[in-house]
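Below, each chain spelled out in residue letters.
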2 protein chains.
Amino acid sequence: MSNQDQNLAATVNTTQGSYRVIVGRDVIDDLGTELQKTGLKGRAFLVVDEVMFPNPSRRAQEALERGGYETHVLALEIGEANKNLETVQIVYDWLADLLADRSDIVVAMGGGVTGDLVGFAAATWLRGVAVVHVPTSLAAMVDSSIGGKTGVNIPKGKNLLGAFHQPKLVLQDVGHLKSLPAREMSAGWAEAVKHGFILDAQLLDTFERLAPQMKALAGEEPVAAIRRSVAIKGEIVSADEFETGDHRVLLNYGHTIGHAIEKVSGYGTYLHGEAVAIGMMAAAGIAERLGMIDEELVDRQRRVLENYDLPVRASGLDVDALIEATKSDKKSRGGTIRWVLLEGPGKATTRRDVPEEVVREAVLAILD
Amino acid sequence: MSNQDQNLAATVNTTQGSYRVIVGRDVIDDLGTELQKTGLKGRAFLVVDEVMFPNPSRRAQEALERGGYETHVLALEIGEANKNLETVQIVYDWLADLLADRSDIVVAMGGGVTGDLVGFAAATWLRGVAVVHVPTSLAAMVDSSIGGKTGVNIPKGKNLLGAFHQPKLVLQDVGHLKSLPAREMSAGWAEAVKHGFILDAQLLDTFERLAPQMKALAGEEPVAAIRRSVAIKGEIVSADEFETGDHRVLLNYGHTIGHAIEKVSGYGTYLHGEAVAIGMMAAAGIAERLGMIDEELVDRQRRVLENYDLPVRASGLDVDALIEATKSDKKSRGGTIRWVLLEGPGKATTRRDVPEEVVREAVLAILD
Ligand SMILES: NC(=O)c1ccc[n+]([C@@H]2O[C@H](COP(=O)([O-])OP(=O)(O)OC[C@H]3O[C@@H](n4cnc5c(N)ncnc54)[C@H](O)[C@@H]3O)[C@@H](O)[C@H]2O)c1
Ligand SMILES: NC(=O)c1ccc[n+]([C@@H]2O[C@H](COP(=O)([O-])OP(=O)(O)OC[C@H]3O[C@@H](n4cnc5c(N)ncnc54)[C@H](O)[C@@H]3O)[C@@H](O)[C@H]2O)c1
Ligand SMILES: [Zn+2]
Ligand SMILES: [Zn+2]
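Residues numbered from 1 in each chain as written. Chains lettered and ligands numbered in written order. Predicted model: local features only at pLDDT ≥ 70, side-chain atom pairs only at ≥ 80, totals over all residues. Heavy atoms only, no water.

A. Representation of the coordination of the zinc ion (ligand 4). All names here are of chain B. The protein atoms that coordinate the zinc ion (ligand 4) are Glu191 (OE), His255 (NE2) and His272 (NE2), at distances of 2.0 to 2.1 Å. Between the donor residues of the zinc ion (ligand 4), the gaps in sequence give the motif E-x63-H-x16-H. Highlighted residues: glutamate 191 in helix H7 (residues 182-199) and histidine 272 in helix H12 (residues 272-289), separated in sequence by 81 residues. A residue is classified by how much of its surface remains accessible, and glutamate 191, at 1% relative accessible area, is buried. The exposure class of histidine 272 is partly exposed, given its relative accessible area of 30%. (Donors = N, O, S within 2.8 Å, 3.2 Å for Na, K, Ca; no water. Helix = DSSP H or I, 4+ residues; strand = E, 2+ residues; numbered from the N terminus. Buried < 20%, exposed > 50% of the residue type's maximum accessible area, 1.4 Å probe, protein only.)

B. Region of interest: the domain arrangement of chain A. Residues and elements named next belong to chain A. Domains assigned within chain A are domain 1 (3-179) and domain 2 (183-219 + 242-365). Relative placement of domain 1 and domain 2: their C-alpha centres are 28 Å apart. Each partner contributes to the roughly 1300 Å² buried at the junction of domain 1 and domain 2, and carbon and sulfur atoms together form 62% of this total. One can count one salt bridge joining domain 1 with domain 2. Here glutamate 243 and lysine 149 are joined by a salt bridge, their closest N and O atoms 2.8 Å apart. Our count for the domain 1 to domain 2 interface comes out at four residue pairs in polar contact (both at pLDDT 80 or more). Among the secondary structure elements, those contributing two or more residues to the side of domain 1 that touches domain 2 are helix H6 (138-144) and strand E8 (157-161). Examining the composition of the side of domain 1 that touches domain 2, we find that four residues originate from one element, H6, more than from any other. Taken together, the residues that form the side of domain 1 that touches domain 2 break down as seven nonpolar, three polar and four charged. (Domains from an automatic or database assignment. Buried area = accessible area lost by both parts, 1.4 Å probe. Salt bridge = Lys/Arg side-chain N within 4 Å of Asp/Glu carboxyl O. Polar contact = N/O pair within 3.5 Å; in protein donor to acceptor, adjacent residues only side chain to side chain. Nonpolar A, V, L, I, M, F, W, Y, C, P; charged D, E, K, R; others polar.)

C. Region of the structure containing the UniProt feature "binding site: Zn(2+)" (unreviewed entry) in chain A. Residue and element names in this part refer to chain A. Residues annotated by UniProt as "binding site: Zn(2+)" (unreviewed entry) correspond here to Glu191, His255 and His272. Taken along the chain, the residues just named run across 82 residues; in space they keep tight, none of their C-alpha pairs more than 10.2 Å apart. A polar contact of 2.8 Å, which involves the side chain of glutamate 191, links it to the side chain of lysine 194. Its location among the elements puts histidine 255 in helix H11 (residues 255-265). Sequence-distant contacts of histidine 255, defined by excluding residues within four places in its chain, comprise Glu191, Lys194, His272 and Val276. (UniProt positions renumbered as here; feature names shortened; annotations may be inferred. Contact = heavy atoms within 4.5 Å.)

Okay, here's the thing in structure tokens:
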């Protein structure tokens, strides 16, 4: 058993209730006891990314059983390509066969795709049943597992379907990251490092100073850094649950150009976190051109991202296509784009008055 | 324009906000101005049951346009048989083609099937966009349009998918009922009359006294009675939004046996409201046998239901099959069935301690 107080990264407060986010090594063994503390008493329906089956998921299952939960397990081969309603229907059918009812609990174990899709199934099963997230990719840990956003793709667009459905518990075992491919790790670090740049200069310092330890997941520092990154996401979500205020939008730092890069290069060419890293460089270029930050911070951001093996430039993309793509980004509807820009290390703001010429220059500067 | 204060049947208070339910004649012409009052400013995406197309829907569209809303209209042939994800996807595709965004508004115009399905689409489009209900069947007016429940069937069961997604406005034009088939009208009256029996002795008196006027929709009395029935549903929903308390369950009066009858006879044999009417008679029989009410109230209920052309007995059904079906009713999970029973006219309560023998006798008594 782990030191449970120390492992508590955040308590997220929402209109659907509060929940704890637990981050540590071997915490997967606490899944059943932590679930007990939420007061939930039904059966546990564990839906797991096939990549975590059978071993890590077996350990999760055993932990649930030790907590007194009857368990059922569904392993799914699941990825961005089948993050769609057909896959959701597999989950529905399974829940129907086992007569899952309103008192039962869905546990989503896997990367962000699993969390988004299984979270959606839980949100829409019998008008919403409890969901617990056990994210196993770094991106899912520091980002998608917290905040209750769920998402499913349709042929006409990514994440067009979804619901806000807050989990009852989020449990992150850093040990799961051992098997995560290196490129996926880097993509996850991009989001974690981003949290430092926009909101926490001290976390940024840590990421900068300890890149080798972080990447090796050696010792306690990486666990603490992930925990802090999780806490930042938790604070933002608590302050701005539905992304209607000024807080949650800060998380989109690097995402306006990042999304455009994903779209124009064809989804899958860059991992999301990679595109975000390049997008952060473009955003830094904009802030520099607007006189909000100096070149030194731009260089610093580039160095940090490179130290986490992230790309900071893109090649083979057309500047006009990218700028066009930013305009159709969801966040830009209703006219002007809301840019998230740095004012200093650990300090971000939003601006709508960025001249297209400045954007073009900054984008050109990150293109080969 | 109608007298707007008088037409306000209820204001429903929920965690997702408050909304008004407007009931009157010709209020459809106020749709645009009433929508303006909610503060919503996007485009209006009107999804309409084909049976209301093109004339009544055209009038709704013109009202929206007078309110300054850009409108798009999708007419669907929609019924219980295609209340499924395939039909929801038609709505998604249409919204995607027109780039419906978070500021836009979905308007559902039709019976309860339309409201449930279009409400589900709105709940899950971009994690939830505003929905306005314009119910056109009596059942949808007095029942399903209020309370935010949405539902979609899968092959393995009815309404297994859904979400709580409260509307921003509910607008009910009693004039729409002129074209509703007589059997559907009666089924709607069953739910309206039910509200009288469980919660409002005065409303019950009105339904009893004025059955011919009600059925002819003559004069102001029927409009006032629908308004009052709507108000009862609105009060219950406000007090017990998620059906976790003791209030909302009262609305299930007649539904435990009613659902069993629908299931055992094969869905579609009885309309839902018809099965509920018979179920109310079975429930009254239980209450009488438990000494909670006297024979007079049972007879009175029978007379009232008959006066609205509702069945009060079922034929060709097996008592064991019915009792078995009550046990798999969603409300009964976790052991005992929670029966809603009358204590007097306009007064209902719940009981879990009803002996199966009493249920059997009461069910036998309503079977031919
Ligand atoms: N809900 C939100 O707030 C939110 C935020 C950001 C992104 N997202 C969504 O998250 C998704 C991306 O998440 P992701 O990057 O985790 O993608 P993912 O779920 O596809 O996981 C990445 C890859 O790593 C594998 N994997 C996961 N954990 C592993 C482990 N421990 N060991 C070995 N392999 C493992 C997966 O099978 C997959 O191949 C996207 O669909 C995106 O839309 C959601
Ligand atoms: N969400 C809830 O709280 C809730 C509550 C009760 C029932 N429901 C759902 O509601 C549905 C039943 O609703 P319903 O009884 O309105 O069924 P419905 O929508 O199928 O309508 C009944 C019939 O009347 C037609 N119709 C509707 N308005 C008309 C009009 N003005 N003129 C002529 N024809 C018209 C319809 O096309 C249909 O043929 C079921 O799917 C049930 O699950 C939901
Ligand atoms: Zn991201
Ligand atoms: Zn009903």
